[in-house]
Amino acid sequence: ETGVTQSPTHLIKTRGQQVTLRCSSQSGHNTVSWYQQALGQGPQFIFQYYREEENGRGNFPPRFSGLQFPNYSSELNVNALELDDSALYLCASSLGVGVENYGYTFGSGTRLTVV
Amino acid sequence: AQSVTQLDSHVSVSEGTPVLLRCNYSSSYSPSLFWYVQHPNKGLQLLLKYTSAATLVKGINGFEAEFKKSETSFHLTKPSAHMSDAAEYFCVVAHSGAGSYQLTFGKGTKLSVIP
């Protein structure tokens, strides 16, 4: 059983560019959540996908968007990058939506630097 | 709204001495609370969770936490620190909204263990 895999591990982009981050969920998991962790802060919820549909979103602007594919892998897309988007982006997968019952498995994250 | 406050940004202990990481929560109903650990360049790992069962929760690696409703606290303890415990620790509250489950993280406590 493999865990959650995120790619790439590190990325440097220029302000105004677009970026796509990828997450392969743990085998059998149908729910993916994305979190942004700025330096020195706790992770913040971006959005959650359940069976290919977005079913919840945190306080992030529309230029943060996502997709979940039939194999339950997921992408996070960020348009018009800003310097404040520099952060560690974490993906978590779970068997279902409720963290109390199913538990989340986190990937090691993608470190995005915007210059 | 749900939130957590980690009272110490940095805790330093000697190897073999007790560990206490403090967390207060705010929740409009009975919360689900978690402690996660993050080692450098690693994903988040669940240490333990409280979901309205026993108030004293035992986790992995000898950690435990006690849910105290009267004090709105969920402090993490370990009787004897090990060098491998040096990491960032996050207190987390889970809540649901519009079909999704979100984790709200504290800002983290960095634990240093002195040989």
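Refer to the preceding data block for the structure.
None of these values were measured; they are calculated from a predicted model.

All names here are of chain A. One open sheet holds the four strands; their spatial order is β1-β3-β8-β7, and the pairing between them is antiparallel. Strand pairing shows two members of the sheet lacking a second neighbour, β1 (5–7) and β7 (64–68), which therefore form its edges. Strand-to-strand twist in this sheet, taken as the mean axis angle between neighbours without regard to direction, amounts to 15°. Pairing between β7 and strand β8 (residues 74–78): five bridges, direction antiparallel. Its bridge partner lying in β8, L67 is registered against E75.

The final tally for this structure, using the stated rule, is two disulfides over all chains. Paired by a disulfide, C23(A) and C91(A) hold their sulfur atoms 1.8 Å apart. Between C23(A) and C91(A), the S-S torsion sits near -65°, and that sign places the bridge as left-handed. Remark: C91(A) occurs in strand β9 (residues 87–94) and C23(A) occurs in strand β3 (residues 19–24); sequence separation between them is 68 residues. Neither residue differs from the other here; C23(A) and C91(A) are each classed as buried. With a sulfur-sulfur separation of 2.0 Å, C23(B) is cross-linked through a disulfide to C91(B). Because the sign of the S-S torsion sets the handedness, a value of about -70° for the bond joining C23(B) and C91(B) places this disulfide among the left-handed ones. With a gap of 68 residues between them, C23(B) in strand β4 (residues 23–26) and C91(B) in strand β10 (residues 87–97) connect regions that are remote in the sequence. Judged by its relative accessible area of 0%, C23(B) falls in the buried class.

Conventions we followed
Residues numbered from 1 in each chain as written. Chains lettered and ligands numbered in written order. Predicted model: local features only at pLDDT ≥ 70, side-chain atom pairs only at ≥ 80, totals over all residues. Heavy atoms only, no water. Pairing = 2+ DSSP bridges. Helix = DSSP H or I, 4+ residues; strand = E, 2+ residues; numbered from the N terminus. Axes fitted to C-alpha atoms, helices over the stretch in contact; angles between N-to-C directions. Disulfide = S-S within 2.5 Å. Buried < 20%, exposed > 50% of the residue type's maximum accessible area, 1.4 Å probe, protein only.

These values are about where atoms sit, not about what they do.
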